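Notes for the structure review
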Amino acid sequence: MSEPLHLKGVILPETEPRDFWVADGCVVEGPIAAATTLSEQCWVLPGLVDAHDHIGLGASPTGAVALSPEETLRQALTDRDAGVLLIRENGTPAQTRWLDERDDVPRIVHSGRHVARTRRYVRGMAVEVDPEEFPAELERQARAGTGWVKFVADWIERDAGDLTPCWPAWAVAEGIERCHALGVRVTAHTFSEQAVAELVDAGIDCVEHGTGLTDEVIAKMAAQGTTLVPTITNLENFPHYAEQGGAKFPRYAAHMMDLYRRHIETLGKCHDAGIPIFCGTDAGTVVLHGKAPGEIVKLGKLGSHEFALGAGSWAARTWLGQPNLEVGAPADFVVYESDPRVDLRAVEHPACVVLRGVVVASGGAAH
Ligand SMILES: [Zn+2]
């Protein structure tokens, strides 16, 4: 049983300071005479969200590997100490369901393994299948997760020397339909124009990265309510990816650089069109864990501070089916000493992190 807590501050997205009480792991009405006061002047965000996070994924010289339980736990705690208390895990070769048994790690929405086309992805990272096996494999991974499943919709094709869709449209449509029949939401990795147009046509629930979104597809996404997790933190690596492929695949390199040069403009159009956009970092790839606060700051390029904070906190939590800080809800929140509505970079310096009503980190800056 945790000790009761009290603080006085602005509980975002509210606008005025008030008293706030926690007991037995939950938000309560109060007052509680015996409560420990954490702060008398602070700003509180419902636990941050990293909606594109690969827990248990690591790199090896030949591709990707599943990390040991110790290393997997370290990733989860690095996220937590940065204030991330809810993760949508976006495909991992590691078995990570044991993390759900622990009280000291973020809550995780699992996606099973992500599904990629044979020899069209980073080796060892995803389950690789051919198109005729795709719908059944996507369904299998949907059953292995807790509400979401993910696949790789485009990647470099050596013969074309460029990004191309990994799957025929019929396979994508059938795979999505099978997952929807299970009540599982579907998302996909996509950089290129053609693949994302086909995904949106097939009724996908969410798009990862989305650099290839055109005005027409943006309008369709907005009308359908399709969500977007751009992972700006990883998009900033596009020049590096272009350089890696450049000598052998000049068309690919030029395409990646074109997408990169336009990415803030493209994502800004998505925001302006009303597409719900959420914070995800792609942690576990070349991106390290604990970067969600930085992604929130980058999302501030697309819209208001209020939008960016919601995208990495309360709005993302609602989208993933988790409560915010209403009475009776789990006490998962992050405390800041300065107002992130004034300067978003405040989210990079949590004063303390409270998970399930317990102070799990305090005083440190985000990693
Ligand atoms: Zn990813």
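All values reported here derive from a predicted model rather than from experimental measurement. (Residues numbered from 1 in each chain as written. Predicted model: local features only at pLDDT ≥ 70, side-chain atom pairs only at ≥ 80, totals over all residues. Heavy atoms only, no water.)

Since the α-helix advances by 3.6 residues per turn, residues separated by three or four positions end up pointing in the same direction. Over its 13 residues, helix H3 (residues 169-181) runs 18 Å from end to end, which matches the ideal 18 Å to within 8%, given 1.5 Å per residue. Within H3 the residues assigned to the buried category are Ala-171, Val-172, Gly-175, Ile-176 and Cys-179. Across the axial projection of H3, the buried residues extend over an arc of 125°, all falling on one side. With respect to the buried face of H3, the exposed residues turned more than 90 degrees away are Glu-177 and Ala-181. Check the buried side of H3 and you find it contacts helix H2 (134-144), strand S12 (148-152), strand S15 (185-190) and helix H4 (193-201). At the C-terminal side of H3, Gly-183 shows a positive phi close to 80°. (Helix = DSSP H or I, 4+ residues; strand = E, 2+ residues; numbered from the N terminus. Expected span 1.5 Å × (residues − 1). Buried < 20%, exposed > 50% of the residue type's maximum accessible area, 1.4 Å probe, protein only. Arc of directions from axis to C-beta. Contact = heavy atoms within 4.5 Å.)

This part takes up the coordination of the zinc ion. At the metal site, the zinc ion is ligated by His-52 (NE2), His-54 (NE2) and Asp-282 (OD), and these contacts range over 2.0 to 2.1 Å. Counting gaps between the donor residues of the zinc ion yields the pattern H-x1-H-x227-D. Separated by 230 residues along the polypeptide, His-52 in strand S5 (residues 48-53) and Asp-282 in the loop between helix H8 (250-273) and helix H9 (292-299) bring together distant segments of the chain. Comparing His-52 with Asp-282 shows no difference in burial state: the two are buried. (Donors = N, O, S within 2.8 Å, 3.2 Å for Na, K, Ca; no water.)

The next thing to look at is the sheet that holds strand S8 (residues 84-89). Sheet architecture is open: three strands sit in the order S5-S8-S9, paired in parallel fashion. Sheet topology places S5 and strand S9 (107-109) at the edges, where each strand pairs with a single neighbour. Sheet twist, expressed as the average angle between the axes of neighbouring strands with direction ignored, equals 20°. Across four bridges, the pairing between S5 and S8 is parallel. Bridge pairing links Val-49 to Leu-86 in S8. (Pairing = 2+ DSSP bridges. Axes fitted to C-alpha atoms, helices over the stretch in contact; angles between N-to-C directions.)

As a further point, take unusual backbone geometry. That bond from Leu-12 to Pro-13 is cis: its omega, 10°, falls within 30 degrees of zero. By the element assignment, Pro-13 lies in the loop between strand S1 (5-11) and strand S2 (17-23). Residue Gly-30 is joined to Pro-31 through a cis peptide bond whose omega torsion reads -5°. Considering the arrangement of structural elements, one finds Pro-31 in the loop between strand S3 (26-28) and strand S4 (36-46). Even without being a glycine, His-209 presents a positive backbone phi close to 80°. In this structure, His-209 sits in strand S16 (residues 206-209). Look at His-209 and you get buried, because its relative accessible area is 2%. For Thr-231, which is not glycine, the phi dihedral falls at a positive 50°. Position of Thr-231 relative to the elements: it lies in the loop between strand S17 (227-229) and helix H6 (232-235).

Attention shifts here to the pairing of S12. Both faces of the sheet carry side chains from a regular strand, because those side chains alternate between them. The element S12 is largely enclosed, with a buried count of five among its five residues. Residues Trp-148, Lys-150 and Val-152 of S12 are buried on one face, and the alternating residues Val-149 and Phe-151, pointing to the opposite face, are buried as well. By the bridge criterion, five bridges tie S12 to S15 in an arrangement that is parallel. Looking at the pairing, Lys-150 lines up with Thr-187 of S15.

Turning to the domain arrangement of the protein, a few remarks are in order. According to the domain assignment, the protein consists of domain 1 (5-46 + 323-362) and domain 2 (48-315). Averaged C-alpha coordinates put domain 1 and domain 2 at centres separated by 30 Å. On the domain 2 side, the residues contacting the 24 residues of domain 1 number 23 residues. Here domain 1 and domain 2 share an interface that buries about 1900 Å² over both sides, 66% of which is from carbon and sulfur atoms. (Domains from an automatic or database assignment. Buried area = accessible area lost by both parts, 1.4 Å probe.)

We now examine the side chain of Thr-227. With respect to the element layout, Thr-227 can be found in strand S17. Dropping the residues within four chain positions of it, Thr-227 is found in contact with Asp-205, Cys-206, Val-207, Met-221, Ile-275, Pro-276, Phe-278 and Trp-319.

A few words on the pattern of salt bridges. All told, the structure shown has 20 salt bridges when counted by the stated rule. Residues Glu-208 and Arg-88 are paired through a salt bridge, measuring 2.7 Å at the closest nitrogen-oxygen approach. One end of the pair, Glu-208, is in strand S16; the other, Arg-88, is in strand S8, and 120 residues separate them in sequence. Among the residues examined, Glu-208 registers a relative accessible area of 0% and is labelled buried. (Salt bridge = Lys/Arg side-chain N within 4 Å of Asp/Glu carboxyl O.)

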